[in-house]
Amino acid sequence: MNPVSYLVFLVFFVSSRYAGLEIGVAAENARQIVEESQRRTDAKSQRYEGLLQVFDAKGKISDKRWNIDRLGSHGDSKVVLRFTAPAEVKGVALLIVNHTDRASDQWMWTPATERDRRIALQDRETRFFGTDFSFEDLEERDVNQYEYSLLGDEAVDGVACWKIQSAPKQSKSSQYSRSHVWIRKDNYALARVENFLKDQVVRRLVYSDLANIQGIWTARTLEMSDLRRGSRTRLSLEKLQYNVPMKDEDFTLQAIRRQ
């Protein structure tokens, strides 16, 4: 799913019963919808510049900027995220290596200390540099890591959508117990994701400003809300390109240290 999943980055798809349908049929339909959504966003690579505006509970706004390069297929990709502003985080980089069968590997490089550290799985639920995205929200997962069920139809901002529930097959691999995902019926683009801890929605991601970029319907604005904190982060995608020539050797710890 785009972007970055990528973040993208980013969609957690759970088994339950849909009224009038057998579980198996509902799950099969839900999976087919998710797979088609991913198929329509297939790209060998992706690059964009991002403006992050963090709105705290009191309305204070702080801005950050990052650049993102992504190489590979859904769930089997590599991402380099690097802050460009403000000065206190400029140059800080995150390397994400996504896997088809497990959670991603993540390392953070801090140029001020010239050190990198691996982000432990138990730390993935923490906020990423003061934004409302967690480290886990920046990774992507293969569809086979989740179970799906179709909850029905529900419009988002007047657009007809499928509402799908998902849960990780390995419960300890994610901070979220399940998620609800809204996928548009007209173009299979993501419209909204709600992530749960037990029975409580804790984060909501809304996709907007949809545009057809190089044949791929892409949301150019994503807004993540942390419902427990009362804060939100708006991510605006700028200069987005797909299928940009990239080299696999640029997605290593050695490479991000040199840049």
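## A closer look at the pattern of salt bridges
- Across all of its chains, the model carries 25 salt bridges by this definition.
- Put simply, R124 and E139 hold a salt bridge, and the shortest N to O gap is 3.7 Å. You can see R124 sitting in the loop between β6 (115-118) and β7 (146-153) and its partner E139 sitting in the loop between β6 and β7, a full 15 residues away along the chain.
- Taking the relative accessible area as the measure of exposure, E139 reaches 1% and is therefore buried.
- A network of salt bridges, in which partner residues are shared, links D101, R102, D105 and R118.

## Let's talk about unusual backbone geometry
- At the junction of A85 and P86, the peptide bond is cis and its omega measures out at 0 degrees in the coordinates.
- In this structure, F129 is a non-glycine residue whose phi angle is positive, near 50 degrees.
- Note that F129 resides in the loop between β6 and β7.
- On the basis of relative accessible area, F129 is assigned to the partly exposed category, the value being 26%.
- One non-glycine residue, Y188, lies in positive phi territory at about 65 degrees.
- Residue Y188 is classed as buried on the basis of its relative accessible area of 18%.

## Quick look at the pairing of strand β4 (residues 93-97)
- For β4, a buried count of 5 out of 5 residues is recorded, marking the element as mostly surrounded by other parts of the structure.
- The alternating pattern of β4 places A93, L95 and V97 on one face and L94 and I96 on the opposite face, and all of these are buried.
- As defined by bridge partners, strand β3 (residues 76-85) adjoins β4 across 5 bridges and the pair is classed as antiparallel. Bridge pairing links V79 to I96 in β4.
- For β4 and strand β5 (residues 105-110), the ladder comprises 5 bridges, and the chain directions are antiparallel. The partner of L95 across the bridge, within β5, is W107.

## As for the packing of aromatic side chains
- Enumeration over the complete set of coordinates arrives at 7 aromatic pairs.
- Taking the centre distance of 6.1 Å and the plane angle of 45 degrees together, the rings of W66 and F128 count as tilted. Placement of W66 in strand β2 (residues 61-73) and of F128 in the loop between β6 and β7 is noted, with a sequence separation of 62 residues between them.
- The class for W66 is buried, based on a relative accessible area of 0%.

## Observations concerning the side chain of E194
- For E194, the location among the structural elements is in strand β10 (residues 190-197).
- A polar atom in the side chain of E194 sits 2.8 Å from the side chain of R204.

Cut-offs applied
Residues numbered from 1 in each chain as written. Predicted model: local features only at pLDDT ≥ 70, side-chain atom pairs only at ≥ 80, totals over all residues. Heavy atoms only, no water. Salt bridge = Lys/Arg side-chain N within 4 Å of Asp/Glu carboxyl O. Helix = DSSP H or I, 4+ residues; strand = E, 2+ residues; numbered from the N terminus. Buried < 20%, exposed > 50% of the residue type's maximum accessible area, 1.4 Å probe, protein only. Pairing = 2+ DSSP bridges. Phe/Tyr/Trp six-rings, centres within 6.5 Å; stacked < 30°, edge-to-face > 60°. Polar contact = N/O pair within 3.5 Å; in protein donor to acceptor, adjacent residues only side chain to side chain.

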